[in-house]
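# Observations on chain architecture
The lines below spell out each chain.
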Amino acid sequence: MKFSGGITLQYDTPFSPFLAKEYERGLDWLAEEGFDGAELCISDYVGVDVGRIKEELDSRNLECSTISTGQSRTREGISLLHEGAALRIAQERMKQHIDAAAVLKSCVTLGLLRGIGETGQEEKDAWILAKNLEPVIDYAGQKNVTIILESINRYETCLFNSAEALMDFIGTKLGNPDSVGVLWDIFHANIEDRDFAEAIERIGKRLKHVHIADSNRWFPGCGHIDFVPIVRKLKEEGFDGYMSYECFNLPSIEYVRSQSGRFVRMLREIK
Ligand code: LER
Ligand code: MN
């Protein structure tokens, strides 16, 4: 099991304890605090030198765990459930993320860039999404990159909210492709999954990445989730991907910056 934290490259996000203009300071902090990697939030590739990002990571002995891709949905009004130009741009953007991931040796997240869908037509939307994802999944297969689909709670999207619904989508709509994995976010799981251990078992070997936040999306320990049995279960199941912080800067940015390394060390020691 490895650990990363979210750092944003171009535009600020509430999920990183560093602003976009502090990107390099954020990488320094990850290295100093003993993280294994950075989860990089990239919106587009205008003026982005992926080779340079790789050097910046290598020089700090950090990997890129995954590229987080959701920012462009709201910034540009694109998604894999749009039609016409907005759909084509979303598909092309996913391919650009895959090219970058091939250089960075990371995964590519598909969270909200999949689209929000419409209540009452989830099944139809799921088939449309599957069709629109097909060329992207083929491309990922050619480039040997894993796309990680994230189950996200019902208040943010209509499509696959729970681990069960996501595994069903991957099986029945996508046909279980090798290049598709799962991102399991403990904040969303706390809302949607019946039981954490059952969800981990259900996802099985497709589990590639885990987002860490407490029940209120504050820093772990500031809500009511007990992370110890979750991490013990992940270790028992042989999970060797990344656990990665995606929590708000609450109770304060200073708290998040000063407590992250300590919490990672505690999780590493769980037997
Ligand atoms: C993205 O990883 C996620 O969890 C979403 O809830 C962001 O809004
Ligand atoms: Mn998440």
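Scroll up to find the structure.
Within each chain, residues carry numbers counting from 1 in the order of the written sequence. Note on labels: chains are lettered from A, ligands numbered from 1, in written order. Under the rules for a predicted model, residues below a pLDDT of 70 receive no local features and side-chain atom pairs below 80 are neither given nor counted, while totals for whole chains, interfaces and linings still include all residues. Calculation of side-chain values draws on the structure's entire complement of heavy atoms; hydrogens and water are dropped beforehand.

### Details of the packing of helix α1 (residues 23-32) against helix α2 (residues 50-58)
Let me state the cut-off plainly: Angles here are taken between N-to-C directions and fall from 0 to 180 degrees, while the axes themselves are lines fitted to C-alpha atoms, restricted in helices to the stretch in contact. What counts as a helix is a DSSP run of H or I of at least four residues, what counts as a strand is a run of E of at least two, and both are numbered from the N terminus. Should any heavy atoms of two residues lie within 4.5 Å, those residues are considered in contact. Under the scheme applied, nonpolar residues are Ala, Val, Leu, Ile, Met, Phe, Trp, Tyr, Cys and Pro; charged residues are Asp, Glu, Lys and Arg; polar residues are all the others, including Gly.
Contact pair α1 / α2: the axes reach a minimum separation of 10 Å and the direction vectors enclose 35°. Every residue of α2 that contacts α1 at Tyr23, Glu24 and Leu27 is listed here: Arg52, Ile53, Glu56 and Leu57. When the residues that make up the contact of α1 with α2 are grouped by side-chain class, the tally is 4 nonpolar, no polar and 3 charged.

### What about the sheet that holds strand β6 (residues 180-185)?
Going by this rule: We call two strands paired when DSSP finds no fewer than two bridges between them.
Judged by pairing direction, the barrel is parallel, and its 8 strands sit side by side in the order β1-β2-β3-β4-β5-β6-β7-β8 before closing back on the first. For this sheet, the mean inter-axis angle between neighbouring strands, taken without regard to orientation, is 30°. As paired elements, β6 and strand β7 (residues 207-212) share 4 bridges and run parallel to each other. Counted as the bridge partner of Asp185 is His211 from β7. Where helix α4 (residues 84-104) meets the sheet, its contacts fall on β2 (37-41), β3 (63-68), β4 (107-110) and β5 (147-150), and the angle it forms with β4 comes to roughly 150°.

### Thoughts on the coordination of the manganese ion (ligand 2)
Defined as follows: Donor selection uses N, O and S atoms within 2.8 Å of the metal (3.2 Å for Na, K and Ca). Since no water is included, sites may look incomplete. Under the classification used here, a metal with four donors is tetrahedral if each angle lies between 85 and 135 degrees, square planar if opposite donors are over 155 degrees apart and the others between 65 and 115, a six-donor metal meeting that same test is octahedral, and anything else is irregular.
Protein-derived coordination of the manganese ion (ligand 2) comes from Glu150 (OE), Asp185 (OD), His211 (ND1) and Glu246 (OE), at a distance range of 2.0 to 2.2 Å. Coordination at the manganese ion (ligand 2) is octahedral: its 6 donor atoms span angles of 70 to 175° at the metal. For the manganese ion (ligand 2), all donor residues lie on one chain, and their spacing in sequence is E-x34-D-x25-H-x34-E. Of this pair, His211 sits in strand β7 while Glu246 is found in the loop between β8 (242-245) and α10 (253-269), placing the two residues 35 residues apart along the sequence.

### A closer look at the site of ligand 1
Here is the rule we go by: When at least one non-hydrogen atom of a residue lies within 4 Å of a molecule or strand, that residue is treated as near it. Contacts described as polar in this section are N or O atom pairs within 3.5 Å, which, within protein, must combine one atom able to donate a hydrogen with one able to accept it, while residues neighboring in sequence count only if both atoms come from side chains. Surface accessibility in these figures is a Shrake-Rupley result with a 1.4 Å probe; residues are shielded only by whichever protein chains are displayed. A 1.4 Å probe that fits but cannot get out identifies a cavity on a 1 Å grid over protein atoms alone, an open set with protein on both sides within 12 Å along at least five of seven lines counts as a pocket, and a residue lines either if it has an atom within 4 Å of a point. To qualify as sitting in a cavity or pocket, a molecule needs more than half of its atoms within 2 Å of the grid points.
For ligand 1, the full set of nearby residues is Phe15, Leu112, Glu150, Glu156, Asp185, His188, His211, Arg217 and Glu246. His211 has a polar side-chain atom sitting 3.4 Å from an oxygen atom of ligand 1. For ligand 1, whose accessible area on its own is 260 Å², the fraction buried by protein is 82%. One can see that ligand 1 is located within the largest pocket. Each residue belonging to the shell around ligand 1 can be placed in one class, and the counts come to 2 nonpolar, 2 polar and 5 charged.

### Observations concerning empty space enclosed by the protein
With a probe scaled to a water molecule rolled over the atoms, the places where space remains empty come into view. Put simply, the rule is: Grid points are joined across faces, edges and corners, and a volume is the space filled by probe spheres set on the points.
Overall, the coordinates contain 1 cavity of 30 Å³ or more when judged by the stated rule. A volume near 60 Å³ is recorded for the largest cavity. Around the largest cavity, the lining residues are Gly5, Gly6, Phe15, Pro17, Trp29, Tyr245, Cys247, Asn249, Val256 and Ser260. Among the residues forming the lining of the largest cavity, the class breakdown is 6 nonpolar, 4 polar and no charged.

### With respect to the environment of Pro251
To keep it simple, the criterion reads: Only protein chains enter the accessibility calculation, which uses a 1.4 Å probe; a residue whose area is less than 20% of its type maximum is buried, one above 50% is exposed, and one in between is partly exposed.
Turning to its location among the elements, Pro251 is positioned in the loop between β8 and α10. Since its relative accessible area comes to 37%, Pro251 is described here as partly exposed. Taking the C-alpha atoms as reference points, Pro251 and Phe219, separated by 32 residues in sequence, lie 7.1 Å from one another.

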